[in-house]
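Structure at a glance
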There are 2 protein chains.
Amino acid sequence: MSGTLPASSVDEFQIIADLFAPLSRGYPGALNLTDDVALLAADPDHETAATMDAMVAGVHFLPDDPPDLVARKLMRVNLSDLAAKGARPFAVMLAAAFPRGTDLDWMQRFAAGLAADVAEFGVSLIGGDTVSTPGPLTLALTALGKVAKGRAILRSGAQAGDVVWVSGSIGDGALGLRAARDGWPGLAAGHVSFLAGRYRLPSPRLSLGAGLVGLAHAGMDVSDGLVQDLGHICRASGLGARIEAAKVPLSAATAAALATDQTLLASVLAGGDDYELLFTAPAHATEAVLNLGRRVGVAVTAIGSMAEGEGVRVVDANGGTLSLPHGGWRHFSATETGAGA
Amino acid sequence: MSGTLPASSVDEFQIIADLFAPLSRGYPGALNLTDDVALLAADPDHETAATMDAMVAGVHFLPDDPPDLVARKLMRVNLSDLAAKGARPFAVMLAAAFPRGTDLDWMQRFAAGLAADVAEFGVSLIGGDTVSTPGPLTLALTALGKVAKGRAILRSGAQAGDVVWVSGSIGDGALGLRAARDGWPGLAAGHVSFLAGRYRLPSPRLSLGAGLVGLAHAGMDVSDGLVQDLGHICRASGLGARIEAAKVPLSAATAAALATDQTLLASVLAGGDDYELLFTAPAHATEAVLNLGRRVGVAVTAIGSMAEGEGVRVVDANGGTLSLPHGGWRHFSATETGAGA
């Protein structure tokens, strides 16, 4: 792990030794973050799944979000990608560009958040880089996971007739951004707090994802918005999909928000940052998927099906096609803080 | 590979498909950059060496540096870490935070630079993330290489009596920053251009590094400055080192600059950004090291030796100890653009 923070505020080598090196424990190949590389041992029965997502203050999280939650969100959006493939995470690498003048206290809280998730998810921090920037806090994380050879759940494996499933509840991320940024007059405080928490601290569905290996034909996580992300599966699989808006699982908080303003449905279906799993499985696997959800304690809900054709059709309770703003995050304004990894 | 660039300038999925996906060719596990992860096959005879370095415009490169050279420097500072360990690179992942409003032409030139080095070094771009930032261009690259199991050249392997070697010439990076930023009145134009080129486009010593496996006891690349980096080897190996300033190999350009101003010696010895290999090898390997250098076409120069003790002592031609500003980059001003990865 290398570092080039300016001497003015803190010493980068001390930061690495004090705050980050302890997070490498348990992984001898991390070389205690004192060398130029980490060494990963080969495991002949497994492939390594590698993913890398970046986050920028003011774009992917709020500049005044608590540092520990920023670190944990960075970790979790990456682990969510591994979860969607059925991979078990084992290591991460962090590149952090800290704004000049970032103080030690802030970094300690950031590292504490990382430490909490390193422990929670059983991964090791095996390397990376710390630099200073005249711009906003900018973070990139590379996450590595293991999946049995040839068994990763890809976007491209969906088959016509597959049931389309999602985990947890959808829409909390997009509404949670609004809740975290502006509060939400008119919505119960408990709901506002729940939604903001869902935006700030996603839950990677690792046990669910690992259990879906051999059950799911295709999968990904919902980061850019349910409709857009299902579109990715459609394109990669050469199929179309039809989902029923009324079946999309909502939290009590999102349901309450929708009850006050039906136009929020577009944000629910096309907003991002849910980090739930979106997957397809054959109809005969339905019982097995439901049992898996019960076993790992994560709700799984069938919301539609895959078919020949292309594109995603969202239908309302009467079978009419809902017209949604096309796609997801790409069409939000550039000043909005949300979605992404 | 995922992306969240704003729609205002360019479409991120199109950017990934048009500019970056072609760079994944030859690596089936990259899944054409259309999935959430890349899949790395296990190779039971090898370990994977993983490194990750970040660069920020205005900190690690000049904001108006040509985009293709920015991409190639990013690639090369990472490959240099692999070279120092004796690893052969095979894949990279890129996280790029592009300033809002970055135009397609800029990105195309950036991608062209990346493509050139992907071809030159035989690696594949297997994933990453593209996002937008209100701040400066901020880049992180993860590079993966292969090294025979247990054979990586670590910082910690130096032994008392080892000869200390460097490749190429030292000091060009630090002086090159000045040449690139300010020109250099009084220095021949050819020298100025050579130095700026060395700053902008380092040469990772991959063949040399691979050849050093089994010859070198310890190694790293010179990124933070020769003296500071040798200090890292000393600490990791529990030894001290003594180097002779007069033996440190200089390019003609750096020698010419030094002739005009002897105080530049501190920048030469303690500046950064050389990306040459610094390694130690037993005295009986001297002929083999020299032969290797000839075979791969890279100068290798013995500059001192390892001994019991601690710290790096730099001696002048009369055997007196030179006093240098302690360490490297950490003590440059925070507004200077240089060193780092």
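Residues numbered from 1 in each chain as written. Chains lettered and ligands numbered in written order. Predicted model: local features only at pLDDT ≥ 70, side-chain atom pairs only at ≥ 80, totals over all residues. Heavy atoms only, no water.

With that out of the way, let us pick up the overall build of chain A. Per the secondary structure count, chain A includes 10 helices and 12 strands. Overall, chain A is about 65 × 55 × 30 Å in size when its C-alpha atoms are taken along their principal axes. The long-range share in chain A, meaning contacts at least 24 apart out of those at least 6 apart in sequence, stands at 85%. Put simply, chain A shows about 11400 Å² of open surface, and 52% of that area lies on carbon and sulfur atoms. Computing the positive centroid from 24 side-chain charges and the negative centroid from 34, chain A places the two 6 Å apart. (Helix = DSSP H or I, 4+ residues; strand = E, 2+ residues; numbered from the N terminus. Contact = heavy atoms within 4.5 Å. Areas by Shrake-Rupley, 256 points an atom, 1.4 Å probe, with all protein chains shown as cover. Lys, Arg positive; Asp, Glu negative; His and termini not counted. Charge placed at Lys NZ, Arg CZ, Asp CG, Glu CD.)

Attention shifts here to the domain arrangement of chain A. All names here are of chain A. Domain annotation of chain A identifies domain 1 (2-148) and domain 2 (155-328). Each partner contributes to the interface: domain 1 provides 21 residues, whereas domain 2 provides 22 residues. Taking both partners together, domain 1 and domain 2 bury about 1800 Å²; carbon and sulfur atoms supply 64% of that area. On the surface where domain 1 and domain 2 come into contact, there are 2 salt bridges. Residues arginine 200 and aspartate 65 are paired through a salt bridge, measuring 2.5 Å at the closest nitrogen-oxygen approach. For the pair domain 1 and domain 2, the interface holds 6 residue pairs in polar contact (both at pLDDT 80 or more). Elements supplying a minimum of two residues to the side of domain 1 that touches domain 2: helix H2 (67-85) and strand E4 (88-99). (Domains from an automatic or database assignment. Buried area = accessible area lost by both parts, 1.4 Å probe. Salt bridge = Lys/Arg side-chain N within 4 Å of Asp/Glu carboxyl O. Polar contact = N/O pair within 3.5 Å; in protein donor to acceptor, adjacent residues only side chain to side chain.)

Here the focus is the sheet that holds strand E7 (residues 163-167) of chain B. Residues and elements named next belong to chain B. Judged by pairing direction, the sheet is mixed, and its 6 strands sit side by side in the order E8-E10-E7-E11-E9-E12 without closing on themselves. At either end of the open sheet lies a strand with only one pairing partner, and these are strand E8 (218-221) and strand E12 (311-315). Going across the sheet, the axis of each strand differs from the next one's by a mean of 25°, ignoring polarity. Summarising the sheet, E7 and strand E10 (residues 277-281) pair through 4 bridges and their orientation is antiparallel. Bridge assignment links valine 163 to a residue of E10, and that residue is alanine 281. Lying on the sheet, helix H2 (residues 67-85) is in contact with E8 and E10; it crosses E8 at an angle near 170°. Strands E7, E10 and strand E11 (300-307) of the sheet are contacted by helix H10 (residues 286-296), whose axis makes an angle of about 5° with E7. (Pairing = 2+ DSSP bridges. Axes fitted to C-alpha atoms, helices over the stretch in contact; angles between N-to-C directions.)

Moving on, we get to the UniProt feature "binding site: Mg(2+) 2" (unreviewed entry) in chain A. On the UniProt side, "binding site: Mg(2+) 2" (unreviewed entry) is annotated at positions that read A:Asp53 and A:Asp81 here. In terms of the greatest pairwise C-alpha distance, the residues named above, spread along 29 residues, form a tight cluster of at most 9.2 Å across. By secondary structure assignment, the location of A:Asp53 is in strand E3 (residues 46-56). Note that A:Asp81 resides in helix H2. Not counting residues within four places of it along the chain, the set of residues in contact with A:Asp81 comprises A:Thr51, A:Asp53, A:Asp221, B:Asp36 and B:Val37. (UniProt positions renumbered as here; feature names shortened; annotations may be inferred.)

Glancing now at the interface of chain B and chain A. Contacts between the two partners involve 67 residues from chain B, matched on the other side by 68 residues from chain A. Together, the buried faces of chain B and chain A total about 5300 Å²; carbon and sulfur atoms form 61% of this surface. For the pair chain B and chain A, the interface holds 8 salt bridges. With a shortest N-O distance of 2.8 Å, A:Asp36 and B:Lys85 are connected by a salt bridge. Connecting chain B to chain A are 19 residue pairs in polar contact (both at pLDDT 80 or more). For the side of chain B that touches chain A, the element with the highest residue contribution is strand E3 (residues 46-56) of chain B, accounting for 10 residues. A per-class count over the side of chain B that touches chain A returns 34 nonpolar, 18 polar and 15 charged. (Nonpolar A, V, L, I, M, F, W, Y, C, P; charged D, E, K, R; others polar.)

Attention shifts here to the pairing of E7(B). Residues and elements named next belong to chain B. Among the 5 residues that make up E7, 5 are buried, leaving the element largely enclosed by the rest of the structure. Burial along E7 is two-sided: Val163, Trp165 and Ser167 facing one way and Val164 and Val166 facing the other are all buried. Direction of pairing for E7 relative to E11: antiparallel, over a ladder of 5 bridges. Across the sheet, valine 164 pairs through a bridge with glycine 304, a residue of E11. (Buried < 20%, exposed > 50% of the residue type's maximum accessible area, 1.4 Å probe, protein only.)

Looking now at the packing of helix H4 (residues 172-182) of chain B against helix H5 (residues 189-200) of chain B. Residue and element names in this part refer to chain B. In the contact formed by H4 and H5, the axes pass within 7 Å of each other and the chain directions differ by 110°. As summarised for this structure, H4 and H5 are arranged roughly perpendicular, according to the angle between their axes. Viewed along their axes, H4 and H5 form a crossing whose handedness is left-handed. Residues Asp172, Gly173, Leu175, Gly176, Leu177, Ala179 and Ala180 of H4 lie in contact with H5, whose contacting residues are Val192, Phe194, Leu195, Ala196, Arg198, Tyr199 and Arg200. For the contact of H4 with H5, the class distribution of residues is 9 nonpolar, 2 polar and 3 charged. (Parallel < 35°, antiparallel > 145°, perpendicular 65-115°, else oblique. Left-handed = near helix turned anticlockwise from the far one by under 90°.)

Under the criterion given, the structure shown has 34 salt bridges over all chains. Residues A:Asp117 and A:Arg72 are paired through a salt bridge, measuring 3.0 Å at the closest nitrogen-oxygen approach. Here the residue A:Asp117 occupies a position in helix H3 (residues 104-121), and A:Arg72 occupies one in helix H2, the gap between them amounting to 45 residues. According to the relative accessible area criterion, A:Asp117 is buried, its value standing at 0%. Overall, the relative accessible area of 16% leaves A:Arg72 in the buried class. If you follow the salt bridges from partner to partner, you end up with A:Asp35, A:Asp36, B:Lys85 and B:Arg155 in one network.

What follows deals with the sheet that holds strand E12 (residues 311-315) of chain A. Residues and elements named next belong to chain A. The strand order E8-E10-E7-E11-E9-E12 describes an open sheet built from 6 strands, whose pairing is mixed. Each having just a single partner strand, strand E8 (218-221) and E12 make up the two edges of the open sheet. In this sheet, neighbouring strand axes are inclined to one another by 25° on average, regardless of whether the strands run parallel or antiparallel. In the sheet, strand E9 (residues 240-244) pairs with strand E11 (residues 300-307) via 4 bridges, with the strands oriented antiparallel. Residue pairing for E11: arginine 242 is matched across the bridge by serine 305. Relative to strand E7 (residues 163-167), helix H10 (residues 286-296) is tilted by about 5°, and along the sheet it contacts E7, strand E10 (277-281) and E11.

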